[in-house]
Amino acid sequence: MHIPDGFLTTEVALACAVPAAVAVGIGLRRANADLDERRVPLLGVTAAFIFAAQMLNFPVAGGTSGHFMGAALAAILLGPWLACLVLAVVLGVQAFVFADGGITALGANIFNLGVLGALVVGGLMHAARGLPPRLVAGAGAFLAVMAAAGATALELAISGTVPLATVLPAMLGVHALIGAGEAIITVAAVSAVLSTRPDLVRGRLALAS
Amino acid sequence: MKLFTIVALAVAIGLATAVSPFASAHPDGLEKVAEDKAFIAASKAGDGPIADYAFPGVEDPRLATGLAGFTGTLLVFALGVAVVRLARR
């Protein structure tokens, strides 16, 4: 769902870049509080896994593919603010090295694919304390993709690229399928972490056992 | 932590290197909507050292994609750790 250059007006791109920069800034400031020294490599590995998984487009209906987004997984493993930082690293490398997602749209892509999902999942983790981690992971992953799709549609419409009534149902429809894929991958990844290092998930979800 | 990091990084590198060449080549959700709703022409193709996940100078497309995935995964890991290390000073 990476927005290329040319889809957004400068005003819309800037209006998205500002909250994205603020969220990434909070992530940088919380790198001390939210992450102890032993877990610094975990952040790198989470970013690397999300980059790798984003390359694995899976087919969904009608000649369309989807790929993993990763905001929910990052938020569950690292908390919402460091998740914003992780997605900014992934999307930055994709834009500057791989020409995947426009450089002028980078702020919007960080906002849509990183910040929105991380905050949705962060809120869900807070509200759903005590619920099974896999349930939070699955529901959060689906909602993160739908939030990203809705925001992308809105930004395209405000930019005058395509009418909202045209783009919003189309984006939400196709991303409902991709969101289901996101939920499956996120639950599988969280399950893999739970079976090897349950402390990494349980600490975050305040499910100390 | 060390073992977990090594295994998880190996999984990521393996996926990016060996599985990504076989990923679906269909347009993704946004690209498909842009084609169907006829605004794909507004997009401007960007450029980069490994544009479109094809490692430069490698003719075999699957090898080029796998090498791009390998490079990108290590780069993202290194950059993520470096950024956090700088932020923690």
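A quick note: this is a predicted structure, and the numbers were derived from the prediction, not measured.

(A) Molecular detail of the interface of chain B and chain A. At the interface, 47 residues of chain B touch 55 residues of chain A. Those elements giving two or more residues to the side of chain B that touches chain A turn out to be α1 (2-19), α2 (29-36) and α3 (61-87) of chain B. Looking at the side of chain B that touches chain A element by element, the count peaks at 13 residues for α3(B). Grouping the constituent residues of the side of chain B that touches chain A by class yields 26 nonpolar, 12 polar and 9 charged.

(B) Fine view of the packing of helix α2 (residues 40-54) of chain A against α3(B). For the pair α2(A) and α3(B), interaxial distance at closest approach is 8 Å and the crossing angle is 150 degrees. With respect to their mutual orientation, α2(A) and α3(B) come out roughly antiparallel. Along this stretch, α2(A) crosses α3(B), giving a crossing that reads as right-handed. Seen from α2(A), the contacting residues are Val40(A), Pro41(A), Leu43(A), Gly44(A), Val45(A), Ala47(A), Ala48(A), Phe51(A) and Ala52(A); seen from α3(B), they are Gly69(B), Gly72(B), Thr73(B), Val76(B), Phe77(B), Gly80(B), Val81(B), Val84(B) and Arg85(B). Class assignment for the residues of the contact of α2(A) with α3(B) results in 12 nonpolar, 5 polar and 1 charged.

(C) Molecular detail of the confidence of the model for chain B. In the predicted model, chain B carries a mean pLDDT of 95, and 99% of its residues have values of at least 70. Scored as a complex, the prediction yields pTM 0.96 and ipTM 0.97.

Conventions we followed
- Residues numbered from 1 in each chain as written.
- Chains lettered and ligands numbered in written order.
- Predicted model: local features only at pLDDT ≥ 70, side-chain atom pairs only at ≥ 80, totals over all residues.
- Contact = placed C-beta atoms within 7 Å.
- Helix = DSSP H or I, 4+ residues; strand = E, 2+ residues; numbered from the N terminus.
- Nonpolar A, V, L, I, M, F, W, Y, C, P; charged D, E, K, R; others polar.
- Axes fitted to C-alpha atoms, helices over the stretch in contact; angles between N-to-C directions.
- Parallel < 35°, antiparallel > 145°, perpendicular 65-115°, else oblique.
- Left-handed = near helix turned anticlockwise from the far one by under 90°.
- pLDDT = per-residue confidence, 0-100.

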